[in-house]
Amino acid sequence: MTPAAACLGVLLAITAPHADSARGAVKPPRPHDRSYTYDLLDQTVIRQLTRAVDLPRGIRRLRNDPREAANVDADDQVRLPSTWWQPRLGFRPVSVEQMLHGPGPGEGPQLPWTVTSAKSQGVSPGFQMKDARGVKYVVKFDVPQFPEAATAADVIGSYLFWAAGYNVPENAIATFSRADLRIAPNATYESGGGHKKRLTDAYLDGILEQVTPPIDGRYRCMASRFLSGKPLGPFEYENRRKDDPDDLV
């Protein structure tokens, strides 16, 4: 995952069911997934055709009157916080120490780790785990041809994006040995047909065989701490979620 994806591809999360005193209890949004194949087709073909025949958009372009962002203030400045961004650098002092901590305590996961599932999204190998404190992380690796490249960019990029105001997860560089890994009794991975199977030592070893070989017996990785709340799925580039009363823009 790239640094931009780290900050823009953050899973939506909720911490409690939504409620409205006037409407009574409202059901929380449902978790959903999005097909990479459909997303590619939608963004490169369907959405482009839809925008081309969008009459109001065409008129705005002819009048040079683009639609403003919904979170600009009266002075046409983006100062209002949103689900994506908070006013930090440039609006209040941000020290080097704060940047090095970023969105979290900056400690990273503690050994040993209990692997709970194989990473099911993205192109790089990895797995999900709980550290010695029970904190959940997703672990990602560099490809063997470019050691330290992706993991360093992910962590450095997340700190810079956090300082700029974007809401990002806490990412940290970590090292571990194979002996530091335990497999949870209910750990699973998703097969090619979409079926869940029990994650075994052999399957975990197969994941580690695809990454940069260990140095002095230790693997280098990037550990991204899970956000609090319930994952609802990836964000979408347009429209609003009809099942989420808080998705207003």
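Quick caveat: nothing in here was measured; it's all calculated off a predicted structure.

Asks: Whenever I open this one, the overall build of the protein chain confuses me. Can you help?
Replies: Across its full length, the protein chain holds six helices and 11 strands. In the protein chain, which comprises 249 residues, the proportion classed as buried is 31%. Pairs at least 24 apart in sequence give 64% of the contacts found in the protein chain among residues at least 6 apart. Put simply, the protein chain shows about 15900 Å² of open surface, and 56% of that area lies on carbon and sulfur atoms.

Asks: Just checking my understanding: could you explain the packing of aromatic side chains for this structure?
Replies: In this structure the tally under the stated criterion is eight aromatic pairs. When the centroid spacing of 6.3 Å and the interplanar angle of 80° are considered together, the rings of F127 and F176 count as edge-to-face. Here F127 is found in strand 5 (residues 126-130), whereas its partner F176 is found in strand 7 (residues 171-176), with 49 residues between them in sequence. With respect to class, F127 is no different from F176; both count as buried. Grouped by ring-pair contacts, the aromatic residues W113, F127, F141, F176 and Y219 constitute a single cluster. The ring of F226 has K136 sitting right over it, with the charged end atom 4.6 Å from the ring centre.

Asks: Looking at this structure, how should I read unusual backbone geometry?
Replies: Excluding glycine, a negative phi dihedral is what most residues carry, and trans is how most peptide bonds are arranged. In the segment running from L111 into P112, the intervening peptide bond is cis, with an omega of 0°. For P112, the location among the structural elements is in the loop between helix 4 (96-101) and strand 4 (113-118). Of note in this structure, N64 is not a glycine but carries a positive phi near 55°. Look at N64 and you get exposed, because its relative accessible area is 67%. Although it is not a glycine, E148 sits at a positive phi angle of roughly 70°. Mapped onto the fold, E148 is located in the loop between strand 6 (136-140) and helix 5 (149-164).

Asks: So what exactly am I meant to see when it comes to the confidence of the model for the protein chain here?
Replies: Here the protein chain shows a mean pLDDT of 84. Residues at 70 or above account for 88%. Long-range and interchain partners of residues 1-23, a stretch whose pLDDT sits below 50, account for 57 contacts in this model, where long-range means more than four residues apart.

Asks: Quick question: what am I supposed to make of a negative patch on the surface here?
Replies: A grouping of D65, E68, D75 and D76 is seen on the molecular surface, where their side chains present a negatively charged patch. Within the fold, E68 resides in the loop between helix 3 (55-62) and helix 4. Under the relative-accessibility criterion, E68 is labelled exposed at 54%.

Asks: Is there a simple way to explain the environment of R34 in this structure?
Replies: If you trace the backbone, R34 turns up in the loop between strand 3 (24-25) and helix 2 (36-52). R34 sits in the buried class, given a relative accessible area of 17%. Note: C-alpha distance between R34 and F235 (201 residues apart in sequence) is 9.1 Å. With residues near it in sequence (within four places) discarded, R34 still touches D39, D42, Q43, P234 and E236.

Asks: I would appreciate a short explanation of the nonpolar core in the present structure.
Replies: In a soluble, globular protein the nonpolar side chains are often hidden away together inside. Residues W113, F127, F141, F176 and L181 are the most contacted members of the largest nonpolar core, which totals 23 residues. Going through the elements one at a time, strand 4, strand 5, strand 6, strand 7, strand 8 (181-190), helix 6 (201-209) and strand 10 (219-225) are the ones with two or more residues in this core. Ranked by residues supplied to this core, first place goes to strand 8 with four residues. Discounting chain neighbours no more than four positions away, the residues touching F176 are L111, W113, F127, F141, L181, L208, G217, R218, Y219 and C221.

Asks: Sorry if this is basic, but what is going on with the side chain of N171 here?
Replies: Considering the arrangement of structural elements, one finds N171 in strand 7. You can call N171 buried: its relative accessible area is 1%. At a separation of 2.7 Å, a polar atom in the side chain of N171 contacts the side chain of S224.

Asks: Any chance you could explain the sheet that holds strand 8 here in plain terms?
Replies: One key point about sheets: their strands pair by backbone hydrogen bonds, in either a parallel or an antiparallel sense. Reading across the sheet, the seven strands line up as 7-10-6-5-4-8-9 and stay open at both edges, with mixed pairing between neighbours. A strand with exactly one partner marks an edge of an open sheet, and here the two such strands are strand 7 and strand 9 (196-198). With direction set aside, neighbouring strand axes in the sheet form an average angle of 30°. Across six bridges, strand 7 lies against strand 10 in antiparallel orientation. Residue pairing for strand 10: N171 is matched across the bridge by S224.

What counts as what
- Residues numbered from 1 in each chain as written.
- Predicted model: local features only at pLDDT ≥ 70, side-chain atom pairs only at ≥ 80, totals over all residues.
- Heavy atoms only, no water.
- Helix = DSSP H or I, 4+ residues; strand = E, 2+ residues; numbered from the N terminus.
- Buried < 20%, exposed > 50% of the residue type's maximum accessible area, 1.4 Å probe, protein only.
- Contact = heavy atoms within 4.5 Å.
- Areas by Shrake-Rupley, 256 points an atom, 1.4 Å probe, with all protein chains shown as cover.
- Phe/Tyr/Trp six-rings, centres within 6.5 Å; stacked < 30°, edge-to-face > 60°.
- Lys NZ or Arg CZ within 6 Å of the ring centre and 35° of its normal.
- pLDDT = per-residue confidence, 0-100.
- Patch = residues over 30% accessible without salt bridge, like charges linked within 9 Å, V, L, I, M, F, W, Y side chains within 5 Å.
- Salt bridge = Lys/Arg side-chain N within 4 Å of Asp/Glu carboxyl O.
- Lys, Arg positive; Asp, Glu negative; His and termini not counted.
- Charge placed at Lys NZ, Arg CZ, Asp CG, Glu CD.
- Core = buried A, V, L, I, M, F, W, Y, C linked by side-chain atoms within 4.5 Å.
- Polar contact = N/O pair within 3.5 Å; in protein donor to acceptor, adjacent residues only side chain to side chain.
- Pairing = 2+ DSSP bridges.
- Axes fitted to C-alpha atoms, helices over the stretch in contact; angles between N-to-C directions.

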